Amino acid sequence: MQETSITFENSSPMCLSQVPSKPVSRLAPTPSGFLHLGNAVNFLVTWAIVRSRNGRLHLRIDDMDGIRFRPDVLEDIFTSLDWLSLDWDTGPSGPDDFYQNFSLHKKKEYYRGRLQALDKMRRKTFVCRCSRASIKKVSPNGLYPGTCRNAGFVFEPGFHAVRLRVDNDTRIQVNNQRIDLAEAFGDFVLWRKDDQPSYHLASLLEDEEGGINFIVRGQDLLFSTAAQIYLAQCFGFSSFPACRFLHHGLVLGDNGEKLSKSRGAYALKDLRQSGGSPAFAVKTAARVLGLKHNPILTAQDLKQALNSLNR
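Residues numbered from 1 in each chain as written. Predicted model: local features only at pLDDT ≥ 70, side-chain atom pairs only at ≥ 80, totals over all residues. Heavy atoms only, no water.

A few points about the pairing of strand β5 (residues 161-164)
A regular strand places its side chains on the two faces of the sheet in alternate fashion. In β5, alternate side chains face the same way, and those of Ala-161 and Arg-163 on one face and Val-162 and Leu-164 on the other are all buried. Summarising the sheet, strand β4 (residues 125-128) and β5 pair through 4 bridges and their orientation is antiparallel. The partner of Phe-126 across the bridge, within β5, is Arg-163. As judged from the 3 bridges shared by β5 and strand β8 (residues 188-191), these two strands associate in the antiparallel manner. The residue of β8 that forms the bridge with Leu-164 is Phe-188. (Buried < 20%, exposed > 50% of the residue type's maximum accessible area, 1.4 Å probe, protein only. Helix = DSSP H or I, 4+ residues; strand = E, 2+ residues; numbered from the N terminus. Pairing = 2+ DSSP bridges.)

Regarding the nonpolar core
In this structure, Leu-44, Val-45, Ile-49, Leu-86, Leu-289, Leu-291 and Leu-302 are the most contacted members of the largest nonpolar core, which totals 44 residues. Elements supplying a minimum of two residues to this core: α1 (37-52), β3 (56-59), α2 (71-83), β9 (214-218), α9 (268-273), α10 (279-289) and α11 (299-310). With 10 residues, α1 is the largest single contributor of residues to this core. Not counting residues within four places of it along the chain, the set of residues in contact with Leu-302 comprises Leu-44, Ala-48, Val-282, Ala-285, Ala-286, Leu-289, Leu-291 and Ile-296. Core analysis: the next-biggest nonpolar cluster, separate from the first, contains 38 residues, Met-64, Leu-104, Val-162 and Phe-188 among them. (Core = buried A, V, L, I, M, F, W, Y, C linked by side-chain atoms within 4.5 Å. Contact = heavy atoms within 4.5 Å.)

Some details on the environment of Ala-182
By the secondary structure assignment, Ala-182 is in helix α6 (residues 181-184). Taking C-alpha positions, Ala-182 is 20 Å from Phe-240, a pair spaced 58 residues apart along the chain.

Describing the sheet that holds β5
Across a sheet, paired strands are connected by hydrogen bonds in the backbone, their directions being either parallel or antiparallel. If you walk across this open sheet you meet the 3 strands as β4-β5-β8, and the pairing is antiparallel. Here the strands that pair on one side only, and so sit at the sheet edges, are β4 and β8. Averaged over neighbouring strand pairs, the angle between their axes works out to 45° when direction is ignored. Strands in contact with helix α4 (residues 108-122) are β4, β5 and β8; relative to β8, the strand with the most contacts, it is inclined by about 125°. Together, β5 and β8 form the strand contacts of helix α8 (residues 222-235), whose direction differs from that of β8 by roughly 55°. (Axes fitted to C-alpha atoms, helices over the stretch in contact; angles between N-to-C directions.)

Regarding unusual backbone geometry
The phi torsion of most residues other than glycine is negative, and most of the peptide bonds are trans. Positive phi values are uncommon outside glycine, yet Ser-85 reaches one of about 65°. Structurally, Ser-85 can be placed in the loop between α2 and α3 (95-102). In this structure, Asn-175 takes a positive phi of about 55° despite not being glycine. Position of Asn-175 among the secondary structure elements: in the loop between β6 (171-174) and β7 (177-180). A relative accessible area of 47% means that Asn-175 is categorised as partly exposed.

Focus: the pattern of salt bridges
If you walk through the whole model with that rule in mind, you get 17 salt bridges. As a salt-bridge pair, Lys-107 and Glu-206 come within 2.7 Å of each other at their nearest N and O atoms. Here the residue Lys-107 occupies a position in the loop between α3 and α4, and Glu-206 occupies one in helix α7 (residues 199-209), the gap between them amounting to 99 residues. One salt bridge connects Arg-112 with Asp-195, and the closest N-O pair in it is separated by 3.2 Å. Residue Arg-112 is found in helix α4, and its partner Asp-195 is found in the loop between β8 and α7; the two are separated by 83 residues along the sequence. Assessed through its relative accessible area of 15%, Asp-195 is described here as buried. What emerges from the salt-bridge pattern is a single network uniting Arg-26, Arg-60, Asp-62 and Asp-207. (Salt bridge = Lys/Arg side-chain N within 4 Å of Asp/Glu carboxyl O.)

Brief notes about α8
Given a rise of 1.5 Å per residue, 14 residues ought to cover 20 Å, and the 20 Å separating the end C-alpha atoms of α8 matches this to within 8%. Counted residue by residue, α8 has 12 buried out of 14 residues, so it is predominantly covered. Of all the positions in α8, only Leu-222, Ser-224, Thr-225, Ala-226, Ala-227, Gln-228, Ile-229, Tyr-230, Leu-231, Ala-232, Cys-234 and Phe-235 are classed as buried. Backbone geometry just downstream of α8 places Gly-236 in the positive-phi region, at approximately 85°. (Expected span 1.5 Å × (residues − 1).)

Structure below.
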């Protein structure tokens, strides 16, 4: 792969002054599509920051999207992390350990119970029968228009989802940005029509339970962060709303498009099979972090450069 075949949308280095002195973070890949270069950069940045500050790192594989789960992708996650020379303190050691001890599917009823408790406590949820297609017809930007807010439906798997009501005056602070959540995100799904918890519900509950205090995400997930902070406030959580977030610019393809989890020029699986090394991903991560040390070619180089910066 030629380095000129990708671009990085934001050349401004991340501000590390807000990183906790003892960060507790996670790598949270989903086994629905092969990891790509953008995922590698995010994981390297997270790993290097946590390791340089003697923090704790958890590997959480978000497998709740059951219909898209792929065993070959699960195996590739562990192969890719090994290729990048990344380790973690807690979480599955490999596919077998994941299936036996760490699949989030084993916690489905726990998630359901927390959602039911939220409904009883705050009365902030409602049942919705709208499809994405029907929403798009009346809301070109894809935001939910509130169609079922007061319909009083009773949840039935296959026909309904459960959404969280976002009031019009909801403002959420994420770092130095104040986000109008109703305008930016709208009422969002907590329980899907296929009778599974949504990403936002499962991810938040796992982060709160794990005591996560530091998360690195792409800039495209800024509104998702705001939504999860709001959901955490609805639950009355204290840990997640105090979490520190770093949102970095995205790694883009040669046509300026966002990378997707599919086979192609930027899939880590294909880079490995073509004899590529992680060096370009590491150098891109160094750029994200604003590091100018040379050479930075491995994850350990990245960590040592951050150690020097911390000192």
